Amino acid sequence: MRDGLVQFEAEIQGLNQIRSRVICAESNSPWIEGRLEDLMVHFTYASWMAYNLGYILSIALSSKEEDLGQRVSEMMTRMISSMGAIQLAEIRLTPKAMEELKRDRLEP
């Protein structure tokens, strides 16, 4: 993991079946499984960690249901925007592209 970066990863199967983790140079958290509320708490933790360290927050969401993934992404975007001045970019990848990134050990 690059210095100066906190990465938040989430795999969304459904609103009641989500797992997420936080990765940064200092520490990697285990996957936490839960519901949407748990995801938002974990995401808040990742955001706060990035803010306190002065790092960039990278978010990687994956969902087999594009509509559900998009709704969660929009909710996180609104939450980040409410935190203050930020720069935001969104890149959407197909599941095949995500698999290729992981296979080649590249970070999204």
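Reading guide: rules and limits
Sequence order sets the numbering: in each chain, residues are counted from 1 along the sequence as written. Local features in a predicted model are, by the rule used here, given only for residues with pLDDT of at least 70; side-chain atom pairs are given and counted only at 80 or more, and totals for whole chains, interfaces and linings are based on all residues. Here the side-chain values reflect all heavy atoms present in the structure, with hydrogen atoms and water set aside. Burial classes: relative accessible area under 20% of the type maximum marks a residue as buried, over 50% as exposed, and values in between as partly exposed (1.4 Å probe, protein chains only). The way it works is that DSSP assigns letters per residue, a run of H or I at least four long becomes a helix, a run of E at least two long becomes a strand, and they are numbered from the N terminus. For two strands to pair, DSSP has to find at least two bridges joining them. Centres within 6.5 Å are what make two rings of Phe, Tyr or Trp a pair, Trp counting through its six-membered ring; a difference in plane orientation under 30 degrees is then read as stacked, over 60 as edge-to-face, and the rest as tilted. Two thresholds decide whether a charge sits over a ring: the Lys NZ or Arg CZ must be within 6 Å of the ring centre and within 35 degrees of the ring normal. To get an axis, a line is fitted to the C-alpha atoms, and for a helix only the part in contact is used. The angle between two axes follows their N-to-C directions and goes from 0 to 180 degrees. Should any heavy atoms of two residues lie within 4.5 Å, those residues are considered in contact.

S.K.: Can you tell me about the pairing of strand β1 (residues 5-14), naming the residues and giving the values?
M.R.: Burial analysis of β1 places eight of its 10 residues in the buried class, which makes it a mostly covered element. Sheet analysis places β1 next to strand β4 (residues 56-63), joined by eight bridges and oriented parallel. Each bridged residue has a counterpart across the sheet, and for Glu11 the counterpart in β4 is Ser62. Taken together, the eight bridges between β1 and strand β2 (residues 17-24) define a ladder with antiparallel strand orientation. Looking across to β2, one finds that Phe8 is bridged to Val22.

S.K.: Account for the side chain of Ser47, with residues named and values stated.
M.R.: Checked against the element boundaries, Ser47 lands in helix α1 (residues 36-53). With relative accessibility at 6%, the residue Ser47 sits in the buried group.

S.K.: Can you tell me about the packing of aromatic side chains, naming the residues and giving the values?
M.R.: Within the structure shown, the criterion is met by two aromatic pairs. When the centroid spacing of 5.4 Å and the interplanar angle of 65 degrees are considered together, the rings of Phe8 and Phe43 count as edge-to-face. With Phe8 in strand β1 and Phe43 in helix α1, this pair connects stretches of sequence that are 35 residues apart. Here Phe8 matches Phe43 in class, with each residue buried. When the ring centre of Trp31 is taken as origin, the NZ or CZ atom of Arg19, which lies over that ring, is 4.0 Å away.

S.K.: Before we move on, can you summarise the sheet that holds strand β3 (residues 32-34) with the specific residues and values?
M.R.: Taken together, the four strands give an open sheet; going across it, the order is β3-β2-β1-β4, and neighbouring strands pair in mixed fashion. Here the strands that pair on one side only, and so sit at the sheet edges, are β3 and β4. Here the average twist between neighbouring strands, direction ignored, is 20 degrees. Sitting on the sheet, α1 touches β1, β2, β3 and β4, and the angle it makes with β2 is about 10 degrees. Each of β1 and β4 touches helix α2 (residues 66-82); the most contacted strand, β4, lies at about 160 degrees to it.

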